[in-house]
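# Residue-level structure breakdown
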Amino acid sequence: MTTIQWFPGHMTRARRQIQEKLKLIDIAIELLDARVPLSSRNPMIDDILMNKPRLVLLNKADLADPAVTREWIAYFAASGIEAVPIDAVTGEGVRSIPDRAKHALREKIEAQIRKGMNPRSVRALIVGIPNVGKSTLINRLAGKHVAATGDKPGVTKGQQWIKAGGDLELLDTPGILWPKFDDELVGYRLAAIGSISDLILHVEDVAFHALRSLSATYPQLLKQRYELEEVPAGEAEAHEIVDVMEKIGRKRGCLQSGGSVNLEKASMVVLRDLRGGKLGRISLERPVTVTEAKEARPTS
Ligand code: GDP
């Protein structure tokens, strides 16, 4: 995994590069992670994309809870944005992208036709935070390997248009944006899905937060995977979560000398299972959790 260290200079440069590219395109395709659509969203995205027409893709939908993904689609629809679940690896949902892009631009295209103009291909730029699947999607749309994964912001090279089928053309390098940093929960959620290097946040803290969220939202999946009889419901106390982690560690043989559970190893087990979809299809954010979290947080 590539980890970009975002400093203010990088952010300014990334923003400027995307805004330069906006002049060349008709529509921005914003790639989010279906499991954490808000945490995987750049905090300044509306400001950066200005009034460019937009299509939101909820990528890695294969790993997300389909019922929650439907809630997210409704959430975006409420602000006039079409959001489409996709799996960039298998290509599920990807074929509909050119038509969806045209649909988002239909008023402009219809106006061109009324004026007797022959509408040209729709031109798009894919934007998103690192590891959300931009390069995988570009390769999928292009039907060949074109984009080097992990392009760094600030590295300039000649722009090329890639034919993505159905009158859609893409810029070959995606716009790389930074995630939200000022919210601890966002960091833990991104780390839980493996979008932030395990070197940045402590594995045990990341797994602890993930387990707390999972025991509140997917207790059944946890019970099944680790053959647990009980998991704490609702807002669990810290010691209750550590208790579950210990039980998991014991089941999985994560022991250290003396026979106690090695919590770091147990944490790795949980994170590996979560990231690999072994627990089942899981979403760590729902539109309602986001609202509740905002309301619950002190405003001062
Ligand atoms: P980028 O940094 O945004 O260009 O992200 P990459 O395209 O390099 O993808 C990051 C990781 O996510 C890679 O390991 C991909 O195989 C994986 N990935 C991308 N899209 C999907 C998807 O739809 N489903 C799953 N399960 N994995 C995906």
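Thresholds applied
Residues numbered from 1 in each chain as written. Predicted model: local features only at pLDDT ≥ 70, side-chain atom pairs only at ≥ 80, totals over all residues. Heavy atoms only, no water. UniProt positions renumbered as here; feature names shortened; annotations may be inferred. Salt bridge = Lys/Arg side-chain N within 4 Å of Asp/Glu carboxyl O. Helix = DSSP H or I, 4+ residues; strand = E, 2+ residues; numbered from the N terminus. Buried < 20%, exposed > 50% of the residue type's maximum accessible area, 1.4 Å probe, protein only. Contact = heavy atoms within 4.5 Å. 1 Å grid on protein atoms, 1.4 Å probe; cavity = no way out; pocket = protein on both sides within 12 Å on 5 of 7 lines; lining within 4 Å. Points joined across faces, edges and corners; volume = space filled by probe spheres on them. Polar contact = N/O pair within 3.5 Å; in protein donor to acceptor, adjacent residues only side chain to side chain. Near = heavy atom within 4 Å. Areas by Shrake-Rupley, 256 points an atom, 1.4 Å probe, with all protein chains shown as cover. Nonpolar A, V, L, I, M, F, W, Y, C, P; charged D, E, K, R; others polar.

Per an unreviewed UniProt entry, the recorded name for the chain is Ribosome biogenesis GTPase A, and the organism is Paenibacillus hodogayensis. Database annotation for the chain, UniProt heading Subcellular location (unreviewed entry): "Cytoplasm". A UniProt comment under Function (unreviewed entry) is attached to the chain, and it reads "Required for a late step of 50S ribosomal subunit assembly. Has GTPase activity."

All right, on to the pattern of salt bridges then. This model, assessed by the stated rule, comprises 17 salt bridges. Between Asp26 and Lys108 there is a salt bridge, and its shortest N-O distance comes to 3.3 Å. One end of the pair, Asp26, is in the loop between helix H1 (8-22) and strand E1 (27-33); the other, Lys108, is in helix H5 (residues 106-114), and 82 residues separate them in sequence. The partly exposed category is assigned to Lys108, whose relative accessible area is 42%. In this structure, the salt-bridge partner of Lys163 is Glu169, at a minimum N-O distance of 3.3 Å. Take Lys163: its relative accessible area is 63%, and that puts it in the exposed class. Within this structure, Glu30, Arg41, Asp46 and Arg54 form a network of salt bridges that share partners.

Here the focus is the environment of Pro174. You can see Pro174 is positioned in the loop between strand E6 (168-171) and strand E7 (175-176). Sequence separation between Pro174 and Pro119 is 55 residues, and the spatial gap between their C-alpha atoms is 24 Å. Ignoring anything within four residues of it in the chain, the contact list for Pro174 reads Lys21, Leu125, Ile126, Lys134 and Ile138.

The residue Asn131 is not glycine, and still its phi comes out positive at about 70°. Exposure remark for Asn131: the relative accessible area of 26% places this residue in the partly exposed category. Phi angles above zero are rare outside glycine, and Glu227 is one such case at about 45°. Position of Glu227 among the secondary structure elements: in the loop between helix H9 (219-226) and helix H10 (238-251). By relative accessible area, which is 59% here, Glu227 ends up exposed.

Further remarks concern empty space enclosed by the protein. Taken as a whole and judged by the stated rule, the model has one cavity of 30 Å³ or more. Of the volumes computed, that of the largest cavity is approximately 50 Å³. Lining the largest cavity are Arg35, Leu63, Ile193, Leu274, Gly277, Gly280, Ile282 and Leu284.

Before going further, it helps to examine the side chain of Ser283. Along the chain, Ser283 falls in the loop between helix H11 (263-275) and helix H12 (287-296). Side-chain polar atoms of Ser283 contact the backbone nitrogen of Asp65, separated by 3.0 Å. Not counting residues within four places of it along the chain, the set of residues in contact with Ser283 comprises Ala34, Arg35, Ala64, Asp65, Val68 and Tyr218.

Neighbouring the ligand are 16 residues; Ala88, Asn131, Lys134, Ser135 and Thr136 lie closest to it. In this structure, an oxygen atom belonging to the ligand sits 3.0 Å away from a main-chain N or O atom of Gly133. With the chains in place, 76% of the 580 Å² that the ligand exposes on its own is no longer accessible. In terms of residue count, helix H6 (residues 134-142) provides more of the shell around the ligand than any other element does, three residues in total. The residue inventory of the shell around the ligand, partitioned by class, reads six nonpolar, six polar and four charged.

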